[in-house]
Amino acid sequence: SQTIHQWPATLVQPVGSPLSLECTVEGTSNPNLYWYRQAAGRGLQLLFYSVGIGQISSEVPQNLSASRPQDRQFILSSKKLLLSDSGFYLCAWSPGTNEQFFGPGTRLTVL
Amino acid sequence: AQSVTQLGSHVSVSEGALVLLRCNYSSSVPPYLFWYVQYPNQGLQLLLKYTTGATLVKGINGFEAEFKKSETSFHLTKPSAHMSDAAEYFCAVTLRMDSSYKLIFGSGTRLLVRP
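Asks: Can you help me understand the overall build of chain B in this one?
Replies: Along the backbone of chain B there are zero helices and 11 strands. Order of helices (α) and strands (β) in chain B, N terminus to C terminus: β-β-β-β-β-β-β-β-β-β-β. Taken over the C-alpha trace, chain B has a radius of gyration of 14 Å; the compact-globule value for 115 residues is 13 Å, and the two agree within 12%. Judged by the C-alpha coordinates and their principal axes, chain B covers about 45 × 30 × 20 Å. Within chain B, buried positions represent 45% of all 115 residues. Counting only contacts in chain B whose residues sit at least 6 apart along the sequence, the fraction spanning at least 24 positions is 55%. Side chains of chain B carry 10 positive and 7 negative charges; the gap between the two charge centres is 3 Å.

Here's what the structure looks like:
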């Protein structure tokens, strides 16, 4: 069966520091991968999605970036964090259908 | 353009009472609709989905939803609430992109269950 992992589970970072969040999927190949952000009291906002290695589409202009160095690995990065980057970051995967399966999330607090 | 509106950011019910969470959508094409549940500090879990066919969809944990095209609604119901149902619920509609699908979420409804 398929499993999706995210780490770290929680992270506290100072403003201006770099960020790297990792997402990996097991038990499937060539998945579509997604990064969402959930701000406090708000719904989910799609940040990036990828349909293959090295293929990244950005939904929202911001100081975040994403990369997909391997088929089942999706990384969310920032060179300099802002206070507004705080939130709950969710990775999801899809077999190419309309259904998405979510990871456990990473709680990021920027101070 | 596709969009989702969830009426009521918070809904409070007594244990054993009917649960009704409202979702209305806007879509220029036949929609695929989803309900997800999120427990505190966890990811989203799929409750149920509507793609085509039967308009009454049954999901996990006793939840069901009915697709009503004339009302552009996809409300989530459960006959009898349990304390374990307390969570945040998200309605979503699918948007087809070039070679992928995008989920457009509502802002969520937090369900509180009173003993």
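There is more to say, and it comes next.
Asks: How do you make sense of the overall build of chain A when you look at a structure like this?
Replies: A count of helices and strands for chain A gives zero helices and 11 strands. Reading the helices (α) and strands (β) of chain A from amino to carboxyl end gives β-β-β-β-β-β-β-β-β-β-β. Its C-alpha radius of gyration of 13 Å places chain A within 12% of the 13 Å reference for a compact globule of 111 residues. Its C-alpha atoms put chain A at 35 × 25 × 20 Å along the principal axes.

Asks: When you look at the interface of chain A and chain B in this model, what are you seeing that I'm missing?
Replies: Quoted interface sizes are often the accessible area lost when the parts come together. Counting residues at the interface gives 22 residues for chain A, matched by 23 residues for chain B. The junction of chain A with chain B conceals about 1,700 Å² of combined surface from both sides, 53% of it contributed by carbon and sulfur atoms. Glu99 of chain A is paired through a salt bridge with Lys49 of chain B; the nearest N and O atoms lie 2.5 Å apart. Counting only elements with at least two residues in the side of chain A that touches chain B, the list comes to strand S4 (32-38), strand S5 (44-52) and strand S9 (87-94) of chain A. Residues that form the side of chain A that touches chain B fall into these classes: 10 nonpolar, eight polar and four charged.

Asks: Would you mind showing me how to read the nonpolar core here?
Replies: Across soluble globular proteins, you tend to see nonpolar side chains buried next to one another. Within the largest apolar cluster, 27 residues are counted, with the highest numbers of intra-cluster contacts made by Trp35, Leu48, Phe74, Leu76 and Tyr89 of chain B. Among the elements of the structure, strand S2 (10-14), strand S3 (19-26), strand S4 (33-38), strand S5 (44-50), strand S7 (64-68), strand S8 (73-78), strand S9 (87-96) and strand S11 (109-114) of chain B are those that each provide at least two residues to this core. Judged by nonpolar contacts, the second largest core, of 19 residues, contains Cys23, Ala66, Phe74 and Cys91 of chain A.

Asks: Help me understand the pairing of S11 of chain B in this model?
Replies: As a general feature of sheets, a regular strand has side chains that alternate between the two faces. Residues and elements named next belong to chain B. Going residue by residue along S11, you find Thr109, Leu111 and Val113 tucked away on one face and Arg110, Leu112 and Arg114 left uncovered on the opposite face. Bridge analysis of S9 against S11 gives three bridges, and the strand direction is antiparallel. Bridge pairing in S11 links Tyr89 to Thr109.

Asks: Is there a simple way to think about the state of the cysteines in this case?
Replies: Here is the idea: a disulfide is a covalent bond, and it sits between the sulfur atoms of two cysteines. Taken as a whole, this structure holds two disulfides over all chains when the rule is applied. Covalently, Cys23 of chain A is tied to Cys91 of chain A through a disulfide, its sulfur atoms 2.0 Å apart. Handedness here is read from the sign of the S-S torsion; for Cys23 of chain A and Cys91 of chain A, about -75°, the answer is left-handed. Of the two residues, Cys23 of chain A sits in strand S3 (residues 19-26) while Cys91 of chain A sits in strand S9, which places them 68 residues apart along the sequence. By relative accessible area, which is 0% here, Cys91 of chain A ends up buried. Each sulfur in the disulfide pair Cys23 of chain B and Cys91 of chain B lies 2.0 Å from the other. Here Cys23 of chain B and Cys91 of chain B share a disulfide; its torsion about the S-S bond, -65°, makes the bridge left-handed. With a gap of 68 residues between them, Cys23 of chain B in strand S3 and Cys91 of chain B in strand S9 connect regions that are remote in the sequence. Owing to a relative accessible area of 0%, Cys23 of chain B belongs among the buried residues under this scheme.

About the cut-offs
Residues numbered from 1 in each chain as written. Chains lettered and ligands numbered in written order. Predicted model: local features only at pLDDT ≥ 70, side-chain atom pairs only at ≥ 80, totals over all residues. Heavy atoms only, no water. Helix = DSSP H or I, 4+ residues; strand = E, 2+ residues; numbered from the N terminus. Rg over C-alpha atoms; globule rule 2.2 N^0.38 Å. Buried < 20%, exposed > 50% of the residue type's maximum accessible area, 1.4 Å probe, protein only. Contact = heavy atoms within 4.5 Å. Lys, Arg positive; Asp, Glu negative; His and termini not counted. Charge placed at Lys NZ, Arg CZ, Asp CG, Glu CD. Buried area = accessible area lost by both parts, 1.4 Å probe. Salt bridge = Lys/Arg side-chain N within 4 Å of Asp/Glu carboxyl O. Nonpolar A, V, L, I, M, F, W, Y, C, P; charged D, E, K, R; others polar. Core = buried A, V, L, I, M, F, W, Y, C linked by side-chain atoms within 4.5 Å. Pairing = 2+ DSSP bridges. Disulfide = S-S within 2.5 Å.

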